[in-house]
Amino acid sequence: VQLQASGGGLVQAGGSLRLSCAASGRILNSYAMAWFRRVPGKEREFVAAIRWVGGTPVYADSVKGRFSISRDNAKNTVDLQMNSLQAEDTAVYYCAADSSGWRLLRREARLYDFWGQGTQVTVSS
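*Asks:* What is the right way to look at the nonpolar core in this model?
*Replies:* Proteins that are soluble and globular tend to have nonpolar side chains buried together. Grouped together as the largest cluster of nonpolar side chains are 38 residues, with contacts concentrated most on Trp35, Leu80, Met82 and Tyr93. Going through the elements one at a time, strand 1 (2-6), strand 3 (17-24), strand 4 (32-38), strand 5 (45-51), strand 7 (67-72), strand 8 (77-82), strand 9 (91-98) and strand 11 (119-124) are the ones with two or more residues in this core.

This is the structure in C-alpha cells:
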C-alpha cells in the first residue's frame, strides 16, 4: 500500500485547508485510515481516523468540531477538512493506514502499517 498526501500550504488563522491522501495498492475492508501530525521536537500526534468501510470517525480532542475526516472508496482517497485553523495546528501532516483497524480505531502511531510522505501545514497568526 502506498499513500500520497497533498493539500498542505500556508493559511491565516481562522482559515481552512483540505488535505487529501491518495491510496494505491490493495486496500482491504479491514483497513482504517488516519491522519497524524508532527511538530519538530515532538512525537507524532493523532488527529483523526476512519474505517475504510462503515463506522464513525474519531478525533483528537484538540481538533474535534473543527476538523472532519472522510473517505471516497471509489477514488481510494481519504480527506481531512480543516476549518478554524489555529497557529497550534501548524505541523507536518501524515496519512496512515492500519491493516487491522476494523476492530478498533487506534490512536497510536506505532500501530499503523503504512505512511505517506507528509504535507506541511502552516497557520500564521
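Now, onward.
*Asks:* What is the right way to read the pattern of salt bridges from this model?
*Replies:* A side chain with one charge can pair with a side chain of the opposite charge if their charged atoms come near. Per the counting criterion, the structure on display carries six salt bridges. The partner of Asp89 in a salt bridge is Arg66, and the shortest N-O contact between them spans 2.7 Å. Here Arg66 lies in the loop between strand 6 (58-59) and strand 7 and Asp89 lies in the loop between strand 8 and strand 9, a separation of 23 residues in the sequence. In this structure, Asp89 and Arg66 share a single accessibility class: buried. Where Asp98 meets Arg106, a salt bridge forms, and the shortest distance between an N and an O atom there is 2.9 Å. Residue Asp98 is classed as buried on the basis of its relative accessible area of 0%. Accessibility expressed as a relative area gives 23% for Arg106, which makes it partly exposed.

*Asks:* Which parts of the structure should I look at to understand the sheet that holds strand 8?
*Replies:* Consider a sheet: its strands pair through backbone hydrogen bonds, and that pairing is either parallel or antiparallel. Taken together, the four strands give an open sheet; going across it, the order is 1-3-8-7, and neighbouring strands pair in antiparallel fashion. Each of the sheet's edge strands pairs with one partner strand only, and the pair in question is strand 1 and strand 7. When strand polarity is set aside, the average angle formed by the axes of neighbouring strands in this sheet is 15°. Here strand 1 pairs with strand 3 via five bridges, running antiparallel. By the bridge assignment for strand 3, Gln2 is matched with Ser24.

*Asks:* Would you mind showing me how to read the side chain of Asp98 here?
*Replies:* Looking at the secondary structure, you find Asp98 in strand 9. Polar contacts involving the side chain of Asp98 include one to the main-chain amide nitrogen of Ser100, which spans 2.9 Å. Residues contacting Asp98, with those up to four places away along its chain left out, are Ser30, Tyr31, Ala32, Arg106, Leu111, Tyr112 and Asp113.

*Asks:* Before we go on, may I ask you to explain the packing of aromatic side chains in this structure?
*Replies:* Any two aromatic rings considered together are summarised by their centre-to-centre distance and by the angle between their planes. Summed over the entire model, instances satisfying the criterion amount to six aromatic pairs. Judged by centre distance (6.3 Å) and plane angle (10°), the ring pair of Tyr31 and Phe114 falls under stacked. Residue Tyr31 is located in the loop between strand 3 and strand 4, and its partner Phe114 is located in strand 10 (residues 114-115); the two are separated by 83 residues in the primary sequence. Note on Phe36 and Trp115: the rings are 5.1 Å apart at their centroids and 55° apart in plane angle, and the pair reads as tilted. Within this pair, whereas Phe36 is found in strand 4, its partner Trp115 is found in strand 10, the two being separated by 79 residues in sequence. Its relative accessible area of 0% is what places Phe36 among the buried residues. Judged by its relative accessible area of 27%, Trp115 is partly exposed. Taken together through their ring pairs, the aromatic side chains of Phe36, Phe46, Tyr94, Tyr112 and Trp115 make up a single cluster. Directly above the ring of Trp115 sits Arg44, whose terminal nitrogen or CZ lies 4.5 Å from the centroid.

About the criteria used
Residues numbered from 1 in each chain as written. Predicted model: local features only at pLDDT ≥ 70, side-chain atom pairs only at ≥ 80, totals over all residues. Heavy atoms only, no water. Core = buried A, V, L, I, M, F, W, Y, C linked by side-chain atoms within 4.5 Å. Buried < 20%, exposed > 50% of the residue type's maximum accessible area, 1.4 Å probe, protein only. Helix = DSSP H or I, 4+ residues; strand = E, 2+ residues; numbered from the N terminus. Salt bridge = Lys/Arg side-chain N within 4 Å of Asp/Glu carboxyl O. Pairing = 2+ DSSP bridges. Axes fitted to C-alpha atoms, helices over the stretch in contact; angles between N-to-C directions. Polar contact = N/O pair within 3.5 Å; in protein donor to acceptor, adjacent residues only side chain to side chain. Contact = heavy atoms within 4.5 Å. Phe/Tyr/Trp six-rings, centres within 6.5 Å; stacked < 30°, edge-to-face > 60°. Lys NZ or Arg CZ within 6 Å of the ring centre and 35° of its normal.

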